[in-house]
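# Per-entry structural report
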Amino acid sequence: MVTAAPRFDILVPHYGDTVLLQAAVRSVLALDTGGWRLTVVDDGAEPGVGEWFAGLGDARVRYFRNPRNLGVSGNFNRCLQLADAEYVVLMGCDDLMHPGYLRVVEQALRAVPGAAMVQPGVRVIGSDGRPAASLADAVKRRIHAALRSGHRPLGGEELAVSLLRGNWLYFPSICWRSDALSGRAFRADLAVIQDLALVLELVAAGERLAVADEVCFSYRRHALSESSAQALSGARFVEARRFFLETAGHMDRLGWHRAALTARRHLWSRLHALSMVPGALRRGRPDGAAGLIRFALGAERR
């Protein structure tokens, strides 16, 4: 008997803390609507993970372990290969869905038919699960607020400019239309900013974003994340410089010259780098601090 694919594939690329992964899985199991399937793709080697999933005894949950480590982008792409639902979510393995997540997404999809992406309302939490605040999140809220207008679809150069000014999306919370992702992949040459690269690729192709304000997802921000480690070392901003200059050229070719100028300036990214300097020095990384300062001042830009 062939079982029809669910409407939503919830994909969790995993590496790291298995306790937080289990909490993420339980949050999906607590969703108050059906029509979903959960797939966890383990890129690590922690013992007992497969056995824990087997013990769930839930046919809606699948678990795979990669025979070799694929890295962040590689595991994202592996997750997408396993999906065949109409919509997909690439949820962080330390994040939490709220029971009404799919209900909020469905409302946004009805309001903006054909949207390739839905950004629902997000609560930011720390490692301890309590509400957290950061400069990055404050900036995200301000940039998002400048565009907010109910369920008005966002797209084109307006959205590109906004995201290049400061990426206010919370990638693990986004629901994606599967056919919009068909034939696309997360770039292997990007370790941290690959989510923004994919979003801008979709925007350049004419796809639209729907935004829902109702909070239905908890995004965990903590110092042990890949992006935090890359930022403190300065590696994140080496990647960012290359990406923004490359993107500026792409925007110019589209005739989106305001977006191209915003990419060349990448002002928020430079300010973010500057804000990381004290932390790099406290952690004994003077070379990283020097790289952050060079990036913030616009040195080495071409």
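Details of the structure are given in the entry above.
The present account deals with the structure reproduced in this document. (Residues numbered from 1 in each chain as written. Predicted model: local features only at pLDDT ≥ 70, side-chain atom pairs only at ≥ 80, totals over all residues. Heavy atoms only, no water.)

### What to know about the packing of aromatic side chains
Rules: Pairing of aromatic rings covers Phe, Tyr and Trp, the last through its six-membered ring, and needs centres within 6.5 Å; plane angles under 30 degrees mean stacked, over 60 mean edge-to-face, and all others mean tilted. Each helix is a run of H or I in the DSSP string that is no shorter than four residues. Each strand is a run of E no shorter than two, and both are numbered from the N terminus.
Applying the stated criterion to the full structure yields ten aromatic pairs. Each ring, one from F171 and one from F186, has its centre 5.7 Å from the other, and the planes form 75°; the classification is edge-to-face. A residue pair is termed long-range when its members are at least 10 positions apart, and F171 in the loop between α6 (156-165) and β7 (175-177) and F186 in the loop between α7 (178-181) and α8 (194-204) qualify at 15 residues. Among the aromatic residues, those joined into a ring-pair cluster are F76, F171, W176 and F186.

### Notes on the pairing of strand β4 (residues 87-90)
Across a regular strand the side chains alternate sides, sitting on one face of the sheet and then on the other. Rule in force here: Here's how the labels work: a residue is buried when its accessible area is under 20% of the maximum for its type, exposed when over 50%, partly exposed in between, all with a 1.4 Å probe on protein chains only. Paired strands, in this sense, are two strands between which DSSP finds at least two bridges.
In β4, alternate side chains face the same way, and those of Y87 and V89 on one face and V88 and L90 on the other are all buried. With four bridges connecting them, strand β1 (residues 8-14) and β4 associate as parallel partners. Bridge pairing in β4 links D9 to V88. Bridge analysis of β4 against β7 gives three bridges, and the strand direction is antiparallel. Looking at the pairing, V89 lines up with C175 of β7.

### Focus: the pattern of salt bridges
Using the following cut-off: Counted as salt bridges are all cases of a side-chain nitrogen of Lys or Arg within 4 Å of a carboxyl oxygen of Asp or Glu.
Inspection of the entire model under this criterion finds 14 salt bridges. The salt bridge partner of R7 is E86, with a shortest N-O separation of 2.7 Å. Here R7 is found in the segment before β1, whereas its partner E86 is found in the loop between α3 (71-81) and β4, with 79 residues between them in sequence. The class for E86 is partly exposed, based on a relative accessible area of 40%. Between R264 and D252 there is a salt bridge whose closest N-O contact spans 2.7 Å. Taken together, the positions of R264 in helix α11 (residues 257-265) and D252 in helix α10 (residues 235-254) put the pair twelve residues apart, joining distant regions of the chain.

### Overview of the side chain of H98
The test is simple: Note on contacts: a residue pair is in contact if any heavy atoms of the two residues lie within 4.5 Å.
Following the sequence through the fold, H98 ends up in the loop between β5 (96-97) and α4 (101-111). Assessed through its relative accessible area of 17%, H98 is described here as buried. Discounting residues that sit within four places of it in the chain, H98 has contacts with L31, R123, V215, C216, F217 and S218.

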